[in-house]
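Coordinates in review
Below are the chains, spelled out letter by letter.
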There are 2 protein chains.
Amino acid sequence: MNLRELEYLVALADQRNFRRAAEICGVSQPTVSTQLKKLEEELGVALVERVPRNVIFTAAGQEALARARRILDEVAQMRGDAARHGESGTTRLRLGVFPTLAPYLLPHIVPRFIAGFPDVELLLTEEKAIFWCVVWSRARSMPRFGLAGP
Amino acid sequence: MNLRELEYLVALADQRNFRRAAEICGVSQPTVSTQLKKLEEELGVALVERVPRNVIFTAAGQEALARARRILDEVAQMRGDAARHGESGTTRLRLGVFPTLAPYLLPHIVPRFIAGFPDVELLLTEEKAIFWCVVWSRARSMPRFGLAGP
DNA sequence: TGGTTTTACGGAAAGCGTAAATATG
DNA sequence: CATATTTACGCTTTCCGTAAAACCA
């Protein structure tokens, strides 16, 4: 199964017509036809009845359609989330500390850090052998200060 | 974007290890690597931090992961629905009537039909020129009787 | 006959595996 | 040196468009 096929299914439901559905999806009409057939074969059920001048969704088709809409909606929201993260010029900070020290250090550092730099994404790792601190920045201010340790 | 990529993302979250994630998905490990990179490029955001001996999900990655799980769950349920429809040996009946007669006929026929044959999928069409009735059956009894008209 | 969908087939693109390279401890 | 991930490259599969055929009003 493929997200593209689900788009064809939704477009076909909206248009009740293969030609217009293909137009909306920006592909040729045989593509919609073959891909929908493939989807039906994969699911093992007829999703639509091809009645001349009308496309009727079967019961199975209506269930699949509802799920397809939800799926595509989730995909759109995933893209929206990602775009938001991308735009925000997030600074990311990865911080590794000794496991033995973590319980003492982190409760002091983390809340102050989040309060001071809400836009900075904080990644914590417990490491056995090293104490290191790396800052990536794709943006303006690199908040190095205030993080040197106790 | 592709459903397969989302499966790789989820597997990687479960395993926190590219090699094991690939194994679970039944593909080679470079495939998981390249496909995940492709997904990140498409979304424009880093989803995971590749720390040696550990895979850490970024904030963006965690959001995407949650949506990926929901999407794949919907897909699984879609397959389940379809399988149920396929197994049930559904009989489908397509019935066309004159638009002028429909209001008089259907209120009598449809409820009795559904009551009598709950497993039969009923498809109604309003046609201008014909009165036709077709029954497909992939199963045992073809319920032709009781449908000849008013 | 006109409009719609399906089938057939060739070309373009994407997915994948093997092997080599890179990074890390 | 051993483990884990990425890059490179070729092969296979899938997707898609054009053209022709089938279907129906």
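All values reported here derive from a predicted model rather than from experimental measurement. (Residues numbered from 1 in each chain as written. Chains lettered and ligands numbered in written order. Predicted model: local features only at pLDDT ≥ 70, side-chain atom pairs only at ≥ 80, totals over all residues. Heavy atoms only, no water.)

1. Quick word on helix α2 (residues 18-25) of chain A
Residue and element names in this part refer to chain A.
- Within α2, the full set of buried residues consists of Phe-18, Ala-21 and Ala-22. Along the long axis of α2, the arc covered by the buried residues comes to 100°, so they all point the same way. Seen from the open side of α2, the exposed residues pointing more than 90 degrees away from its buried face are Arg-19, Glu-23 and Ile-24.
- Capping of α2 at its N-terminal end is provided by Asn-17; its side-chain oxygen lies 2.8 Å from the backbone amide nitrogen of Arg-19.
- Looking one or two places after α2, you find Gly-26, whose phi comes out positive at around 75°. (Buried < 20%, exposed > 50% of the residue type's maximum accessible area, 1.4 Å probe, protein only. Helix = DSSP H or I, 4+ residues; strand = E, 2+ residues; numbered from the N terminus. Arc of directions from axis to C-beta. Polar contact = N/O pair within 3.5 Å; in protein donor to acceptor, adjacent residues only side chain to side chain.)

2. Brief notes about the confidence of the model for chain A
- For chain A, per-residue confidence averages 77 on the pLDDT scale, and 63% of positions sit at 70 or higher.
- The low-confidence segment residues 129-150 of chain A (pLDDT under 50) makes 41 contacts with residues lying over four places distant or belonging to another chain. (pLDDT = per-residue confidence, 0-100. Contact = heavy atoms within 4.5 Å.)

3. Comments concerning the protein's contact with DNA strand D
- Contacts to DNA strand D come from 22 residues, most closely from Arg-4, Ser-28 and Thr-31 of chain A together with Ser-33 and Arg-50 of chain B.
- In DNA strand D, the atoms that sit within 4 Å of the protein are 71% sugar and phosphate, with bases accounting for the remainder.
- Between DNA strand D and Thr-31 of chain A there is a distance of 2.7 Å, counted from a phosphate oxygen to a side-chain nitrogen or oxygen.
- Taking Lys-38 of chain A, its side chain carries an N or O atom lying 3.5 Å from a phosphate oxygen of DNA strand D.
- Broken down by secondary-structure element, the contributors of at least two residues to the surface near DNA strand D are α1 (3-15) and α3 (29-43) of chain A together with α2 (18-25) and α3 (29-43) of chain B.
- If you tally residues by element for the surface near DNA strand D, the top one is α3 of chain B, at five residues.
- Each residue belonging to the surface near DNA strand D can be placed in one class, and the counts come to six nonpolar, nine polar and seven charged. (Near = heavy atom within 4 Å. Nonpolar A, V, L, I, M, F, W, Y, C, P; charged D, E, K, R; others polar.)

4. Concerning the packing of α2 of chain A against α3 of chain A
All names here are of chain A.
- Contact geometry of α2 with α3 gives a least axis separation of 8 Å together with a crossing angle of 100°. The orientation of α2 relative to α3 falls into the category roughly perpendicular. Judged by residue contacts, Phe-18, Arg-19 and Ala-22 of α2 engage Gln-29, Val-32, Ser-33 and Leu-36 from α3.
- Here the contact of α2 with α3 is composed, by residue class, of four nonpolar, two polar and one charged. (Axes fitted to C-alpha atoms, helices over the stretch in contact; angles between N-to-C directions. Parallel < 35°, antiparallel > 145°, perpendicular 65-115°, else oblique.)

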